[in-house]
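# A closer look at the structure
Each chain is listed here by its residues.
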Amino acid sequence: MTVSAAETTTTSPPLVALSGVRFSYPGRSGAPVLDDLSLAAADGEFLAVLGPSGGGKSTLLKLLAGLEVAQAGTVKVGDTVISRPHRDVGMVFQRPTLLPWRNVRDNILLPVGFARGASPAERARADGLLAMTGLRDSAELYPNQLSGGMAQRVGLARMLLHDPKLLLLDEPFSALDAMTRERLSLELQRIWMAERRTAMFVTHSIPEALFLADRVVVLAGRPARVLADLTIDLPRPRTLETMGTPTFNALALELRRLFDAVSNDKAIAP
Amino acid sequence: MRLLKTIVPPLVTLLVVLAAWSYVTRPGGLPSYLLPDPMSVAQALWSGLASGEFWPHIVFTLSSTLIGYAIGSVLAVIAGVLVAESALFERFVFPYIVAIQATPKVALAPLILVWFGFGLASKIVLVALICFFPLLVNTISGIRRTDPELIAMARSFSRPAWWVFLHIKLPAAASAIFAGLEIGVVLALIGAVVGEFVASERGVGYLIGSATVNMNVAVMFAGVIILALFGVFSSMAVRFVQRRIVFWEQPPSELPTGERP
């Protein structure tokens, strides 16, 4: 988590590379969700993908997870072309998507087949993640005994369990209340700084994107286009005070203007 | 305190019903060949049980109900899994399942008795057939209604299809399956009794049927009471097992906090 480590990652080849990607959901008419979209993320980079709902952000993550396959173009993670689910990603979803019939520990160990199927090393890793996410005392609880924020923390721990190269976060805090949301953003930053993985974080919250990301990409329209690609040069670790700095506010304003332009576009178009 | 609240009100209702029953069957009231008084029903029940006369009938009905229920339920869950998991199977078989589900299976009772004889076998087949369909339909819809996001989540972590079925779809369907089992256990009893009505030499249904011929209304009532107790206890047993297995669908306060297998 040193500054020099972050600097070296910016010069390394991209870990994620989408080029000329087209995707439309089968059976749905109209323009494809994505068409000729190219996007890259450097190794170790925290990339926020910002855009209005239905702008193809989630589709982007599904393609990277191998849950959907592009109709044209290539999706690469490292040297692998992604065409089906693969071990290099860990994903967090908008809803916690925990198994109600399994306790917190088992839910975290789901990527390796629960505690029974896990190796001693994986079990130790789960214990480490439980401690890191502040869930040490909740390991034996069941999901319906957890608050929304705790459930999403379980999701974060589960995402990290099998040491994925790429973290995919699909609006993970959007269902939480504002306070929990802020706290979890701080926590995610702390976890990310400790683990230093490439992260793709989809959100429609401007402050959230600015707070967390090294780079913010704005995606909008149908098919989705990259409207802006901003490098966020705020020092880490960022704190709640960071959100009050002039740089932060200037960037937020810039993005908000961009958003307004997009939504006006939408309102005029029939 | 809680026990007092759940036990006392129904007990009061029972006493009121018994009092009304005694009143209408008092000497000079309804004749005993239409409605016997509570005491003579209790006497018929007691003497039937004490003399051992009822026991073969009870054992017969119990075995046909439980064996048929077990066979029908196991087959229903297996078939439900096949239909839910295989598109091909669904296309060829599902319309017929829906059609048969809408048919009253007791209408087949005479035919089944012809095929399988008047003994235990025919009752078991009828019971299995009757409790098969509701559970089948519940199993299919339970598996189908699995939260697609849970499945996508497991797939994103490269979990294989058999694993997703075993650890996600099946537990997700568990409460629907238990709902089917609870419907099934009541239907199973109906199936057994109908089978015994149509043709049998034993069973509580037979007991009631032969008591009707002799106009022994007190024994009829005794038989009905025995069947009611069967029904109540068997659905209670299913619910008890359900609470144990589908533990996550209860209020959080009742959840276990310790380790689970």
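Attention in this report is confined to the structure presented alongside it.

Cut-offs and rules
- Residues numbered from 1 in each chain as written.
- Chains lettered and ligands numbered in written order.
- Predicted model: local features only at pLDDT ≥ 70, side-chain atom pairs only at ≥ 80, totals over all residues.
- Helix = DSSP H or I, 4+ residues; strand = E, 2+ residues; numbered from the N terminus.
- Buried ≥ 20, exposed ≤ 12 C-beta atoms within 10 Å, placed from the backbone.
- Contact = placed C-beta atoms within 7 Å.
- Pairing = 2+ DSSP bridges.
- Axes fitted to C-alpha atoms, helices over the stretch in contact; angles between N-to-C directions.
- Core = buried A, V, L, I, M, F, W, Y, C linked by C-beta atoms within 7 Å.
- Nonpolar A, V, L, I, M, F, W, Y, C, P; charged D, E, K, R; others polar.

### Brief notes about the overall build of chain B
The secondary structure content of chain B amounts to 10 helices and zero strands. Written out in order from the N terminus, the α and β elements of chain B read α-α-α-α-α-α-α-α-α-α. With the principal axes as the frame, chain B shows a C-alpha extent of 75 × 55 × 30 Å. The buried share of chain B, reckoned over its 261 residues, is 35%. When contacts within chain B are restricted to residue pairs at least 6 apart in sequence, long-range pairs at least 24 apart make up 75% of them.

### Re the sheet that holds strand E1 (residues 14-23) of chain A
Residue and element names in this part refer to chain A. One open sheet holds the four strands; their spatial order is E2-E1-E4-E5, and the pairing between them is antiparallel. Because the sheet does not close on itself, it has two edges, and the strands there are strand E2 (34-42) and strand E5 (80-81). Across six bridges, the pairing between E1 and E2 is antiparallel. Counted as the bridge partner of Phe23 is Leu34 from E2. Its contacts with the sheet place helix H2 (residues 57-65) against E1, E2 and strand E4 (72-77), and it is angled at close to 115 degrees to E1.

### Thoughts on the sheet that holds strand E3 (residues 46-50) of chain A
Residue and element names in this part refer to chain A. Within the open sheet, the six strands sit side by side as E6-E7-E8-E3-E9-E10. Their pairing is mixed. What marks the edges here is a single partner per strand, and that holds for strand E6 (89-92) and strand E10 (225-231). Strand-to-strand twist of the sheet, defined as the mean angle between neighbouring strand axes without regard to direction, takes the value 15 degrees. Summarising the sheet, strand E7 (residues 166-170) and strand E8 (residues 198-203) pair through five bridges and their orientation is parallel.

### Comments concerning the nonpolar core
Leu47, Val49, Leu64, Leu168, Met200 and Phe201 of chain A are the most contacted members of the largest nonpolar core, which has 134 residues in total. Looking at this core element by element, the count peaks at 15 residues for helix H6 (residues 120-144) of chain B. Apart from residues no more than four positions distant in its own chain, Leu64 of chain A is found in contact with Val16, Val75, Val77, Ile82, Val89, Leu166, Leu168 and Met200 of chain A.

### Things to note about the pairing of E3 of chain A
Residue and element names in this part refer to chain A. Of all five residues making up E3, five are buried, and the element is well covered by its neighbours. Residue alternation in E3 divides its side chains into two sets, Phe46, Ala48 and Leu50 and Leu47 and Val49, and both sets are buried. By the bridge criterion, five bridges tie E3 to E8 in an arrangement that is parallel. Within E8, the position partnered with Phe46 by the bridge is Ala199. Where E3 lies against strand E9 (residues 215-220), four bridges are found, and the strand directions are parallel. Across the sheet, the residue bridging to Leu47 is Arg215, located in E9.

### Considerations on the interface of chain B and chain A
At the junction of the two partners, chain B supplies 18 residues and chain A supplies 22 residues. Considering each element in turn, the side of chain B that touches chain A owes the most residues, six residues, to helix H7 (residues 148-156) of chain B. Its residues assigned to classes, the side of chain B that touches chain A comprises 10 nonpolar, four polar and four charged.

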